[in-house]
Amino acid sequence: MRTIHKLLIASILSIGFSCTNNDADTALTFSNPSSFKMEDKPVVIAKDSLKLKVQSGFYPLFLVDKDTLAYQEIDVDTDGIKDHYFILANFEPKEKIQVTLKQTKEKPNFPKRTSVRFGKRDNANKAVSARTSDSFYKTEVPKALGYQPYQTDGPTWENDKVGFRHYFDGRNAKDLFGKKTAAISPETVGLDSLGKVVDNYHVMEPWGRDILAVGNSVGLGGYGLMVKDSLLRLGITVTDTINNVEKTSFKILDEGPVYSSLQLSYLNWQAAGWPYTVYEKTSIWPGMYGYKNQVLFNNLRGDETLAIGLVNINTDKSVQQVNVGDTYTVLYTHDKQTYDKVWWLGMAIIVPTKDFLGIKEAPKEGNFSNSFLAQMKIKNGIPLTYYAVAGWELSNPKFTSEDAFKAYLEELVLTLTYEIQVEIN
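Reading guide: rules and limits
- Every chain is numbered independently, its residues counted from 1 as its sequence is written.
- Per-residue local features of the predicted model are confined to residues with pLDDT of at least 70, and side-chain atom pairs are confined, for both listing and counting, to 80 or more; whole-chain, interface and lining totals are unaffected and use all residues.
- Excluded from the side-chain calculations are hydrogens and water; all other atoms, namely the structure's heavy atoms, are used.
- Each helix corresponds to a stretch of at least 4 residues labelled H or I by DSSP, and each strand to a stretch of at least 2 residues labelled E; elements are numbered beginning at the N terminus.
- Accessibility here uses a 1.4 Å probe with only protein chains present; expressed as a share of the type maximum, an area under 20% marks a residue as buried, one over 50% as exposed, and anything in between as partly exposed.
- Whether two residues are in contact is decided by their heavy atoms, any of which lying within 4.5 Å being enough.
- The method behind every accessible area is Shrake-Rupley, applied with a 1.4 Å probe, and residues are considered shielded solely by the protein chains displayed.
- Here the positive residues are Lys and Arg and the negative ones are Asp and Glu; neither His nor the chain ends is included.
- Taken as the charge centre is NZ of Lys, CZ of Arg, CG of Asp or CD of Glu, depending on the residue.
- By definition here, a salt bridge exists when the distance from a side-chain nitrogen of Lys or Arg to a carboxyl oxygen of Asp or Glu is within 4 Å.
- Only the six-membered ring of Trp is used, alongside the rings of Phe and Tyr, when aromatic pairs are assigned; centres must lie within 6.5 Å, and planes under 30 degrees apart are stacked while those over 60 apart are edge-to-face, with the rest tilted.
- As a reminder, the over-ring test applies to NZ of lysine and CZ of arginine, requiring each to be within 6 Å of the ring centre and within 35 degrees of the ring normal.

(A) Just the overall build of the protein, in detail. When helices and strands are tallied, the protein shows 3 helices and 29 strands. On the principal axes, the C-alpha backbone points of the protein span a range of 65 × 45 × 45 Å. Buried positions account for 57% of the 425 residues belonging to the protein. In the protein, the proportion of contacts linking residues at least 24 apart, taken out of those at least 6 apart, comes to 70%. Roughly 17,700 Å² of accessible area belongs to the protein as shown, and the carbon and sulfur atoms make up 48% of that amount. Each charge class in the protein can be summarised by its mean position, and for the 48 positive and 50 negative side chains these summaries are 2 Å apart.

(B) Summary view of the pattern of salt bridges. The full count for this structure, using the stated rule, is 23 salt bridges. Here Lys-82 and Asp-254 are joined by a salt bridge, their closest N and O atoms 3.6 Å apart. Separated by 172 residues along the polypeptide, Lys-82 in the loop between β5 (71-74) and β6 (84-91) and Asp-254 in strand β18 (residues 245-254) bring together distant segments of the chain. A relative accessible area of 35% means that Lys-82 is categorised as partly exposed. Asp-153 is paired through a salt bridge with Arg-171; the nearest N and O atoms lie 3.4 Å apart. Here Asp-153 is found in the loop between α2 (142-145) and β12 (156-159), whereas its partner Arg-171 is found in the loop between β13 (162-166) and β14 (174-179), with 18 residues between them in sequence. Overall, Asp-153 belongs to the buried group, its relative accessible area being 13%. Under the relative-accessibility criterion, Arg-171 is labelled buried at 15%.

(C) Region of the structure containing the packing of aromatic side chains. Tallying each qualifying case throughout the model produces 28 aromatic pairs. Geometrically, the ring pair formed by Tyr-71 and Tyr-85 is edge-to-face, given 5.9 Å between the ring centres and 85 degrees between the ring planes. Note that Tyr-71 is positioned in strand β5 and Tyr-85 in strand β6, a separation of 14 residues in sequence. Summarising the burial analysis for this pair, Tyr-71 and Tyr-85 share the class buried. Note that Arg-171 overlies the ring of Tyr-167, its terminal NZ or CZ placed 4.1 Å from the centroid.

(D) Molecular detail of unusual backbone geometry. Here the phi dihedral of Asn-299 falls at roughly 70 degrees; this positive angle occurs in a residue that is not glycine. Structurally, Asn-299 can be placed in the loop between β21 (290-298) and β22 (304-311). On the basis of relative accessible area, Asn-299 is assigned to the partly exposed category, the value being 38%. With a phi close to 55 degrees, Lys-341 is a non-glycine residue in the positive phi region. Along the polypeptide, Lys-341 turns up in the loop between β24 (328-335) and β25 (345-352). In this structure Lys-341 comes out as partly exposed when scored by relative accessible area, which is 37%.

Have a look at this one:
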């Protein structure tokens, strides 16, 4: 568990605090150090850093004048105790916001803007039930079982802008749900009227649909390893009957109005005769057309390169590279690259520049194919963080323009680069 805790803790924003003794309500100052506007900017604060200790049966309120900032409590170290506040706030350039922390007996009710969904059936004749965790072993893949046990092939996560899903059935690719509404998609996506697994999300619904052809790629933000010139897929393809990962596990870490996260672990991944252990944490919050991903490897030999995928099945265009500041490198495509090339879609991965080694294109055939790949340095026990982004024209008409999608990516990178400064008075 120590390795997992390290990955989780690394995902929390680093904030410096200055505190003074105050027996009344706690006063805080949130400061935007940048010269541009930020909307739905996360601020994460450890509970034990605050002077006001919220009493049992009470709930905190973060007030700006008479307005309440949306927040939720999250468990950073997965010990079952909610030890941090995840707060969303809007900032003008260089703005300082005065925040008062109070407590109330009335539970705050914030609009639901994020979600994680995971369902499974125990056999082909049973209905799916919602689960918060699951594990499966290498012989339990759908081709061997004779049926698909998982709703939408695995967990989905979404915010008010976009949705994603992970093929938990051994393929370990990341797929894309285009959304036409800010509301969270129905719980019945991927189920029939009897609660059994069905593919009903490749047709347009009021909320949107699956819009991305994945094939034998790793989708948008999936990954594997590269050793010399060989690509090593984490997992299998749809036609395989046995997995190359001994045990794959899933757990919902957080789900709430402003933050949702999930954890995946891959124990004893056999790749080119070598056993790896991999931990992955995926998180999402409102306002962003994308998700955050972190991966941590154990038992690397030292000659491996992480390969993060950007599927290119439905585009003939080259991948574009953009550097915004010194922190991040952006790789993106923009084309009519949805199913049957119907709609404009921009896709991108945002990776740390210090670890970026260049771009490689995967083969057109094979079990790890049809992708532009960001080659990244990876070290044992050290998490690598990156972002995957998708802008669909039916989510926002501006994404019909490549220039507009590129401008959004540049704006997003700046928002991710600058951290809000917090002072506790």
